[in-house]
Amino acid sequence: MNASLVLLKKNSAHKAFPLPSAVTVIGRRSDCDLRIPLPMVSRRHCQLSLNKNTLELRDLESRGGTFLNDKRVDGDTAVKAGDYLRIGPLIFVCQIDGKPEKIVPPKKAAPAPPKAAAKPKPAKPAPKPAAKALDDSGSKLDEDLSDLDVSDSFINLDESDSDLEDLKNI
């Protein structure tokens, strides 16, 4: 069984990413099998397991969730050819053994009918902001940042990597 994730782009183009092994971890970390360097993708977001006859998807307790055909994945979930996988803002079509042959974006759901307007609740007054301490230089100190690791807060896209260039064009 051969499986690929086909990335759907806004301009109707697409790009296939073959699953590199029987167990493929997708996420933001550099040691993931398929890396998506976007801040809304968890470090270890989800996992695809490929057996002889089945492909299974499991969310790895990602913050934003993993969605298969617009339903949030909970536990091991079977994936079929043509299913749509959403990871962060990206949508992939699951292609298994060359099927589906034609890759098309998912159909948009019909808008829900408008609900009857509810009476607005009275607004609560906003809480007063807490006073902020000033250090010797006069800058504001919200909290002690010395124990925070901010290295994961910044994404550095490698401009020479064509797959990452494709992600930036979505």
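Reading guide: rules and limits
Residues numbered from 1 in each chain as written. Predicted model: local features only at pLDDT ≥ 70, side-chain atom pairs only at ≥ 80, totals over all residues. Heavy atoms only, no water. Helix = DSSP H or I, 4+ residues; strand = E, 2+ residues; numbered from the N terminus. Buried < 20%, exposed > 50% of the residue type's maximum accessible area, 1.4 Å probe, protein only. Contact = heavy atoms within 4.5 Å. Areas by Shrake-Rupley, 256 points an atom, 1.4 Å probe, with all protein chains shown as cover. Salt bridge = Lys/Arg side-chain N within 4 Å of Asp/Glu carboxyl O. Core = buried A, V, L, I, M, F, W, Y, C linked by side-chain atoms within 4.5 Å.

Visitor: How should the overall build of the protein chain be read in this particular structure?
Guide: Check the secondary structure of the protein chain and you find one helix and 13 strands. Seen in sequence order, the protein chain has helices and strands lined up from the N terminus as β-β-β-β-β-β-β-β-β-β-β-β-β-α. Of all 170 residues assigned to the protein chain, the portion counted as buried reaches 30%. When contacts within the protein chain are restricted to residue pairs at least 6 apart in sequence, those whose partners lie at least 24 apart make up 35%. When the accessible area of the protein chain is evaluated, it comes to approximately 12,400 Å², of which 52% is carbon and sulfur surface.

Visitor: Would you explain the pattern of salt bridges in this entry?
Guide: Working definition: two side chains of opposite charge can pair if their charged atoms are close together. Taken as a whole and judged by the stated rule, the model has two salt bridges. A salt bridge links arginine 29 to aspartate 31, with the shortest nitrogen-to-oxygen separation between them at 2.6 Å.

Visitor: Looking at this model, I keep getting lost on the nonpolar core. Mind explaining?
Guide: Across soluble globular proteins, nonpolar side chains have a tendency to be buried as a group. Judged by nonpolar contacts, the single largest core of 24 residues is most densely connected at Leu5, Leu48, Leu85 and Phe92. Sorting the residues of this core by element identifies β1 (3-8), β5 (46-50), β6 (55-59), β10 (84-87) and β11 (90-96) as the ones contributing at least two each. Of the residues forming this core, the biggest block, four residues, is contributed by β11. When near neighbours in sequence (up to four residues on either side) are disregarded, phenylalanine 92 contacts Leu5, Val6, Leu7, Phe17, Ile36, Asp83, Tyr84, Leu85 and Ile87.

Take it as geometry only, folks, not as evidence of what the structure does.
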